[in-house]
Amino acid sequence: MIADIVFLNGQFLPLADAKISPLDRGFLFADGVYEVIPVYSRQPFRLDEHLRRLQASLDGIRLPNPYSHAQWQARVREMIGHAPFADAQIYLQVTRGADSKRDHAFPTGVAPTVFMFAGPLVTPGESVRTLGVSAVTAVDNRWLRCDLKTLALLANVLLRQQAVDHGCAETILVRDGFVTEGAASNVFLVKNGVLLAPPKSHLMLPGVTYDVVLELAARHGVPTEVRDILADELPEADELWMTSSTKEVLAIATLDGRPVGHGAAAGKPGPLGERMWQWYQQFKNDVMRTGRDD
């Protein structure tokens, strides 16, 4: 469900009245970028970090930002005000705009298209969180600029559908023998009490939740290694998590039909994941209470 009021090219207006040209390059070429910002109790979570990632994506596709950082902040907060949900997700996208013809080269003198809407933020329920979810692995066959949050998500769509086809919640991607991320999430492993995370590179999206998890691990003294993770390490993991703005910190209990973990704990969310989820909730509560997430 999307809120009735959306933002399009400088105006807040009813969704039914929002019209975009079929010649828009976002429609023709997926020539644009996007962000999804979680909102708790009408407080945007890590807004500055999301806007900085938006800027990095725009820079990566050579599209000038139509708004300043302060203007984006104001528009996002106004969008939150129009939303009927206290907990929401704000989706925003910027395309290279609508030219009068279809040509791969960048158009000149064309204004970008800016679109934004609010939807309810639905995080995993208690039963899902306590049982964990299932995932499958697949070859990461996406392009080489996965660090840019672009509209060109067909590969992610197909990879995510692989999980759905197997009754799973996520697909964990492997490129050249190394774990990169999930089709719509970042991935963490726990082995012998050490939290393992793939390093940021052009092969994965720099997740905002990924950053928060690493910050919380450092704050609470969790041994952490940010390094390349072999796919062969996945079956040996004690715990496996997926993280994102909507999934927060969610345990993967089964991978490729086999339980994650060892012994009596196999196939169940692990203790470090539970503690990280609690730390994450406390961090959120602090943000909601103070309006600050630094």
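From a predicted model like this one, the values you see are computed outputs, not experimental measurements.

About the cut-offs
Residues numbered from 1 in each chain as written. Predicted model: local features only at pLDDT ≥ 70, side-chain atom pairs only at ≥ 80, totals over all residues. Heavy atoms only, no water. Helix = DSSP H or I, 4+ residues; strand = E, 2+ residues; numbered from the N terminus. Contact = heavy atoms within 4.5 Å. Areas by Shrake-Rupley, 256 points an atom, 1.4 Å probe, with all protein chains shown as cover. Lys, Arg positive; Asp, Glu negative; His and termini not counted. Charge placed at Lys NZ, Arg CZ, Asp CG, Glu CD. Core = buried A, V, L, I, M, F, W, Y, C linked by side-chain atoms within 4.5 Å. Buried < 20%, exposed > 50% of the residue type's maximum accessible area, 1.4 Å probe, protein only. Pairing = 2+ DSSP bridges. Axes fitted to C-alpha atoms, helices over the stretch in contact; angles between N-to-C directions. Phe/Tyr/Trp six-rings, centres within 6.5 Å; stacked < 30°, edge-to-face > 60°. Lys NZ or Arg CZ within 6 Å of the ring centre and 35° of its normal.

Caption draft 1: Layout of the overall build of the protein chain. For the protein chain, the helix and strand inventory stands at seven helices and 15 strands. Dimensions of the protein chain, computed from C-alpha atoms along their principal axes, come out at roughly 60 × 45 × 30 Å. Partitioning the contacts of the protein chain with sequence separation of at least 6, the portion at a separation of at least 24 is 70%. Accessible area of the protein chain: about 13,700 Å², with a carbon and sulfur share of 55%. Taking the average location of the 29 positive side-chain charges in the protein chain and that of its 34 negative ones, the two points are 3 Å from each other.

Caption draft 2: Up close: the nonpolar core. One finds Leu54, Trp72, Val76, Ile90, Leu92, Val94 and Met116 to be the most contacted residues of the largest nonpolar core, which totals 26 residues. Where this core is concerned, the elements lending two or more residues are strand 3 (32-40), helix 2 (47-60), helix 3 (69-82), strand 5 (88-95) and strand 6 (113-120). Judged by nonpolar contacts, the second largest core, of 23 residues, contains Phe188, Val190, Ala197 and Leu272.

Caption draft 3: Local environment of the sheet that holds strand 3. Strand order in the open sheet made by the six strands is 2-1-6-5-3-4, with antiparallel pairing throughout. The strands lining the two open edges of the sheet, one partner per strand, are strand 2 (11-14) and strand 4 (43-44). Sheet analysis places strand 5 next to strand 6, joined by eight bridges and oriented antiparallel. Paired with Val94 across the strands is Val114, a residue of strand 6. On the sheet, helix 2 packs against strand 3, strand 4 and strand 5 and is oriented at approximately 175° with respect to strand 3.

Caption draft 4: Expanded view of the packing of aromatic side chains. According to the stated counting rule, one finds 11 aromatic pairs in the structure shown. A ring pair is formed by Phe7 and Tyr67, whose centres lie 6.3 Å apart and whose planes are at 70°; its orientation type is edge-to-face. Here Phe7 is found in strand 1 (residues 5-8), whereas its partner Tyr67 is found in the loop between helix 2 and helix 3, with 60 residues between them in sequence. As far as burial versus exposure is concerned, Phe7 and Tyr67 are alike and both buried. Measuring from ring centre to ring centre gives 5.7 Å for Tyr40 and Phe45, while their planes differ by 90°; the resulting arrangement is edge-to-face. By the burial criterion, Tyr40 is buried, and Phe45 matches it. Within the aromatic cluster, the residues linked to one another by ring pairs are Phe7, Phe12, Tyr67 and Trp72. Of note, Arg96 hangs over the ring of Phe106, and the distance from its end group to the ring centre comes to 3.7 Å.

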